[in-house]
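If you want the building blocks of each chain, they are given just below.
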Amino acid sequence: MRAAAAQRTQTSSLTYLLCAVAWFVPGAGHLWLGRRQKGIVFLVALTLMFVFGLWLEGRLFPFDMEQPLVALSAIADLGVGCPYFIARLMGVGRGDVVAITYEYGNTFIIAAGLLNMLVVLDVFDIAKGRK
Amino acid sequence: MIVFALFVSTVFAVLTRDDPKEQIAFGARLFGGFIGAGVLIGWLLYPLPL
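Here is a short report on the structure shown in this document. Here the structure is a predicted model, which is why all the values come from computation and not from measurement.

**Considerations on the side chain of Asp-77 of chain A**
Residues and elements named next belong to chain A.
At step 1: If you trace the backbone, Asp-77 turns up in helix H5 (residues 68–78).
At step 2: Although Asp-77 lies buried, it forms no salt bridge, and the closest oppositely charged side chain, Arg-88, sits 6.2 Å away as judged by the N-O distance.
At step 3: Among the polar contacts listed, one links the side chain of Asp-77 to the backbone nitrogen of Phe-61, at a separation of 2.9 Å.
At step 4: Sequence-distant contacts of Asp-77, that is, excluding residues within four places in its chain, are made with Arg-59, Leu-60, Phe-61, Tyr-84, Ile-109 and Ile-110.

**What to know about a nonpolar patch on the surface**
Residue and element names in this part refer to chain A.
At step 1: A grouping of Phe-24, Val-25, Leu-31, Ile-40, Leu-43, Val-44, Leu-48 and Phe-85 is seen on the molecular surface, where their side chains present a nonpolar patch of about 610 Å² in accessible area.
At step 2: Per element, the largest residue contribution to the nonpolar patch is four residues, and it comes from helix H4 (residues 36–55).
At step 3: As for its position among the elements, Leu-43 is in helix H4.
At step 4: Under the relative-accessibility criterion, Leu-43 is labelled partly exposed at 33%.

**A closer look at the packing of aromatic side chains**
Residues and elements named next belong to chain A.
At step 1: This model, assessed by the stated rule, comprises 10 aromatic pairs over all chains.
At step 2: Ring geometry for Phe-52 versus Phe-108: centroids 5.1 Å apart, planes at 45°, classification tilted. Remark: Phe-108 occurs in helix H7 (residues 102–127) and Phe-52 occurs in helix H4; sequence separation between them is 56 residues.
At step 3: By relative accessible area, Phe-52 is classed as partly exposed at 25%.

**Considering the interface of chain A and chain B**
At step 1: Of the residues lining the interface, 19 residues belong to chain A; the matching set on chain B comes to 12 residues.
At step 2: Taken over both partners, the interface formed by chain A and chain B buries close to 1,400 Å², and the fraction arising from carbon and sulfur atoms is 79%.
At step 3: In this structure, Asp-18 of chain B engages Arg-35 of chain A in a salt bridge whose closest nitrogen and oxygen atoms are separated by 3.8 Å.
At step 4: Elements represented by at least two residues in the side of chain A that touches chain B include exactly H4 and H7 of chain A.
At step 5: When residues in the side of chain A that touches chain B are grouped by element, the largest group, nine residues, is from H4 of chain A.
At step 6: Tallied by class, the residues present in the side of chain A that touches chain B amount to 12 nonpolar, two polar and five charged.

Parameters and conventions
- Residue positions within a chain follow its written sequence, with the count starting from 1.
- Think of it this way: whatever chain is written first is A, whatever ligand is written first is 1, and the rest follow in order.
- Note on the predicted model: pLDDT of at least 70 is required for a residue's local features to be given, and 80 or more for side-chain atom pairs to be given and counted; whole-chain, interface and lining totals, by contrast, use all residues.
- To get the side-chain values, all heavy atoms of the structure are used, and hydrogens and water are removed first.
- We count a stretch as a helix when DSSP gives it H or I for four or more residues in a row; a strand needs E for two or more, and each element gets its number in order from the N terminus.
- Partly exposed describes any residue whose relative accessible area lies between the buried limit of under 20% and the exposed limit of over 50%, with all areas from a 1.4 Å probe on protein chains only and scaled to the type maximum.
- Only four residue types enter the tally: Lys and Arg on the positive side, Asp and Glu on the negative side; His and the chain ends are excluded.
- We define a salt bridge as a side-chain nitrogen of Lys or Arg found within 4 Å of a carboxyl oxygen belonging to Asp or Glu.
- Polar contact is defined as a pair of N or O atoms within 3.5 Å, subject to the rule that within protein one atom must be able to donate a hydrogen and the other to accept it, and that residues adjacent in sequence are counted only when both atoms are side-chain atoms.
- The criterion used for residue contact is that any of the two residues' heavy atoms lie within 4.5 Å.
- Patch building starts from residues that exceed 30% relative accessible area and form no salt bridge, then joins like charges within 9 Å and nonpolar side chains (Val, Leu, Ile, Met, Phe, Trp, Tyr) within 5 Å.
- Calculation of accessible area relied on Shrake-Rupley with a 1.4 Å probe; when residues are assessed, cover is drawn exclusively from the protein chains displayed.
- Think of it this way: a Phe, Tyr or Trp ring, Trp meaning its six-membered ring, pairs with another when their centres are within 6.5 Å, and the plane angle makes it stacked under 30 degrees, edge-to-face over 60, tilted otherwise.
- As used here, buried area is the combined drop in accessible area, with a 1.4 Å probe, of two parts when they are placed together.
- In the scheme used here, Gly and all other residues not listed as nonpolar or charged are polar, with Ala, Val, Leu, Ile, Met, Phe, Trp, Tyr, Cys and Pro taken as nonpolar and Asp, Glu, Lys and Arg as charged.

Next comes the structure, spelled out in structure tokens:
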């Protein structure tokens, strides 16, 4: 099943839908393509990484275009998809700048988002039949 | 650092390898590399003042 799903080249619109789903729910793109083991690992690892970052008093950065590094961090944070919006709705991720773990928390949150972007690119390659 | 290295090496290993045995071998090497590099850089920076 996995091989058949992986070898099937997706249509263009389905590819972009797959990428959107893969972005919104980490690992969902791989699960959709029948790569269950990878999908579950991404879902668990990236979500845990994001939650760990919040627990370490990390901050969900605002889209402040006057501060380019803050804006770039915000884009990276958004990369994790659904967990980002859940955290925003719950009002967590304000970040405690005086906490000793603040920078560690930011690193976890940003890395989770960037890794999920790589996962989305992997889904794109699989859907296009390149992998 | 260890937890971060564990997460990142797990995701990279699963992302870049398809065979579970290869994933474990590559992930372990990556994890060791992260820890080794972290300790080495920390040791090199130790004499520098804050």
